[in-house]
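Observations on the model geometry
Residues per chain, in single letters:
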Amino acid sequence: MEKIQVTLRECNYPIFIGTDLFSKHTSFWPLTSGDSAMLITNNRLADLYLDVLVNKLTQFGIKVDHLVLPDGEQYKSLVILEQVFSALLSKNHGRDTTIIAFGGGVIGDLSGFAAASYQRGVRFIQVPTTLLAQVDASVGGKTAVNHLLGKNMIGAFHQPASVVINVDYLNTLPPREISSGLAEIIKYGIIFDATLFKWLENSIESLLALEPHTLMYCIRRCCELKAKVIAADEREKKGGQRTLLNLGHTYGHAIETHMGYGNWLHGEAVAAGIMMAVYAARRLGQFSHIDTERVKSLLLRAHLPIKGPETMPSTAYLTHMIRDKKVISGQLRLVLPVSLGHAVTYAEVENDIVIQSIEDCRI
Ligand code: NAD
Ligand code: GLY
């Protein structure tokens, strides 16, 4: 097992990465015998893993209730959040309870927001089961639910007490979801780490095949990068490093909202959004043709889209993008790549450039 420590101003927490992690009591850290917990998951994961996990927790003396939610991005909503609060209250969970988020980014974001707001905040543990959540969503304390008018629009920053990444869970993840996770990994390479990008060019097929050493290296590297970013800028302050993690997301969130949550996977929308950001950077004279082709080729090899949905008009993006959380005084701000391993936030991107960048992807 490997351990990465996240060190923030007001709290520190470990990220454990390994295989067969839940055979050991320590993996449920900081839970100890006698503690109460509410495990939140969805129906798909419950069928696969719930019994084993609940048995382990019980065996280690933890008093655990569980709640099984419907599976899907469309259920990352205020309506479902209310069901979470009802379950916690009806089982008399107090401020000393711990919420265990067992699932992908949907369960992690929703359960994290429940933990942030239930009785003004309770402890929570992230147990991410998708590649996307293991490399990104489970670390950093961003929690949220969607609104029909915008993705992740209602939420809070609330850091987990620990993140437990059991790589074995990826063996049951469908290939399309593996690709979705690869979009966020490629994103890290483009923004921060040209060496990681090069490594991905050499290793993408091994990752798709879930080769264990390749996966471990990649998850560890992404968690290290994310831990470093949030240590420098926990709450995404204006001009801070964390903003850069939104590369491709302003376009991507527009796609997810416009198409109806769950129709385009988050990573698929981000992949198309990365290509749009690359073309916007090209239009501003900031990114080379060679690097553009390298990004396009890597996304394609990861089985990811490099253009938006055919049915979504380019002007429809702007309607959603203007509600983006990076907008200040009505001014759109976009994260754009400058070179592989380096990205910046642009405060003044004209609407024409946005539209052209979407059109460039369609050619
Ligand atoms: P997801 O949570 O919907 O999981 C994808 C699918 O895989 C679901 O059907 C799920 O039931 C299934 N699944 C999960 N683990 C499985 C396993 N081990 N075996 C078999 N099936 C499994 O999607 P996701 O890609 O994990 O997360 C996307 C969400 O994460 C989006 O809502 C996005 O906004 C959010 N996100 C949050 C952050 C953050 O910092 N908080 C960062 C990135 C993304
Ligand atoms: N996934 C973006 C962030 O955590 O800031």
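Below or above, wherever it landed, is the structure these notes cover. Think of each chain on its own: its residues are numbered from 1, step by step along the sequence as written. Labels follow written order: the first chain is A, the first ligand is 1, and so on. Given that this is a predicted model, residues contribute local features only at a pLDDT of at least 70 and side-chain atom pairs are listed and counted only at 80 or more, while totals for whole chains, interfaces and linings are drawn from all residues. Excluding hydrogens and water, the side-chain values take into account all heavy atoms of the structure.

Here we look at the site of ligand 2
Near, as used in this document, describes a residue that has one of its heavy atoms within 4 Å of the molecule or strand being considered. Neighbouring ligand 2 are the residues Asp136, Lys142, Lys226, Arg242 and Leu245. At a separation of 2.9 Å, an oxygen atom of ligand 2 approaches a polar side-chain atom of Lys142. As used in this structure description, the phrase polar contact means that two N or O atoms lie within 3.5 Å; if the pair is within protein, one of them must be able to donate a hydrogen and the other to accept it, and residues adjacent in sequence are counted only when both atoms belong to side chains. Within the contact set of ligand 2, an oxygen atom lies 2.6 Å away from a side-chain nitrogen or oxygen of Lys226. Method for areas: the Shrake-Rupley scheme with a 1.4 Å probe, in which residue coverage is limited to the protein chains shown. Contact with the protein chains hides 89% of the accessible area of ligand 2, taken as 200 Å² for the molecule alone. Broken down by class, the residue content of the shell around ligand 2 amounts to 1 nonpolar, no polar and 4 charged. In this classification, the charged set is Asp, Glu, Lys and Arg, the nonpolar set is Ala, Val, Leu, Ile, Met, Phe, Trp, Tyr, Cys and Pro, and all remaining amino acids, among them Gly, are polar.

A look at helix H1 (residues 43-59)
With 17 residues, H1 extends 23 Å between its outermost C-alpha atoms, agreeing within 8% with the 24 Å of an ideal straight helix rising 1.5 Å per residue. To get the bend at any residue, fit one axis to the seven residues that end at it and another to the seven that begin at it, then take the angle between the two axes. Helical segments are the DSSP runs of H or I of at least four residues, strand segments are the runs of E of at least two, and each set is numbered from the N terminus. Of all the bends found along H1, the most pronounced is centred on Tyr49 and spans about 65°. Only protein chains enter the accessibility calculation, which uses a 1.4 Å probe. A residue is then buried if its area is under 20% of the maximum for its type, exposed if over 50%, and partly exposed in between. Considered for burial, the residues of H1 that qualify are Leu45, Ala46, Tyr49, Leu50, Leu53, Val54 and Leu57. Lining the buried residues of H1 we find strand E3 (36-42), strand E4 (63-69) and strand E5 (98-103). Among the residues trailing H1, Gly61 stands out with phi positive, at a value near 85°. Here the expected length of a helix is defined as 1.5 Å per residue gap, with one fewer gap than residues. Note on contacts: a residue pair is in contact if any heavy atoms of the two residues lie within 4.5 Å.

Thoughts on empty space enclosed by the protein
One water molecule sets the probe size; rolling that probe over the atoms shows where empty space is left. Think of a 1 Å grid over the protein atoms and nothing else: a 1.4 Å probe that fits but is trapped marks a cavity, an open set flanked by protein within 12 Å on at least five of seven lines marks a pocket, and residues with an atom within 4 Å of a point count as lining. Grid points are joined across faces, edges and corners, and a volume is the space filled by probe spheres set on the points. Evaluation of the coordinates by the stated rule reveals 1 cavity of 30 Å³ or more. Computed from the structure, the largest cavity encloses a volume of approximately 100 Å³. At the level of elements, strand E8 (150-157), helix H8 (249-259) and helix H11 (314-321) are the ones that each hand at least two residues to the lining of the largest cavity. Here the lining of the largest cavity takes 4 residues from H8, the largest share from any one element. A per-class count over the lining of the largest cavity returns 4 nonpolar, 5 polar and 4 charged.

Focus: the nonpolar core
Considering soluble globular proteins, one finds that nonpolar side chains tend to be buried as a cluster. To qualify as a nonpolar core, a set must consist of buried Ala, Val, Leu, Ile, Met, Phe, Trp, Tyr and Cys residues joined through side-chain atoms within 4.5 Å. Residues Leu131, Tyr251 and Val295 are the most contacted members of the largest nonpolar core, which totals 80 residues. Tallying contributions element by element places helix H9 (residues 266-283) first for this core, with 12 residues. Residues contacting Val295, with those up to four places away along its chain left out, are Ile190, Phe197, Ile274, Met275, Val278, Phe287 and Leu340. Among the nonpolar cores identified, the runner-up in size contains 23 residues, and Leu50, Leu53, Ile62 and Val164 belong to it.

Some points on the state of the cysteines
Only a pair of cysteine sulfur atoms within 2.5 Å counts as a disulfide in this structure description. Within this structure, the stated rule accounts for 0 disulfides. Looking at the unpaired Cys11, the closest cysteine sulfur is the one in Cys223, lying at 16 Å. With no disulfide of its own, Cys223 has Cys222 as its nearest cysteine by sulfur position, at a separation of 7.0 Å. Residue classification places Cys223 among the buried residues on the basis of a relative accessible area of 0%.

What to know about the sheet that holds strand E1 (residues 2-7)
Taken in spatial order, the 7 strands line up as E1-E2-E9-E6-E5-E3-E4 in an open sheet, and their pairing is mixed. What marks the edges here is a single partner per strand, and that holds for E1 and E4. Pairs of neighbouring strands in the sheet enclose a mean axial angle of 20°, with direction left out of account. With 2 bridges joining them, strand E6 (residues 123-128) and strand E9 (residues 162-166) adopt parallel strand pairing. Paired with Gln126 across the bridge in E9 is Val163. Contacting E3, E4 and E5, helix H2 (residues 78-90) crosses the sheet at an angle of about 155° to E4. Axis angles are defined between N-to-C directions and span 0 to 180 degrees, where every axis is a line fitted to C-alpha atoms and, for a helix, only to the segment in contact. Its contacts with the sheet place helix H7 (residues 212-232) against E1, strand E2 (12-18) and E9, and it is angled at close to 15° to E1. Note on pairing: two strands pair once DSSP finds at least 2 bridges between them.

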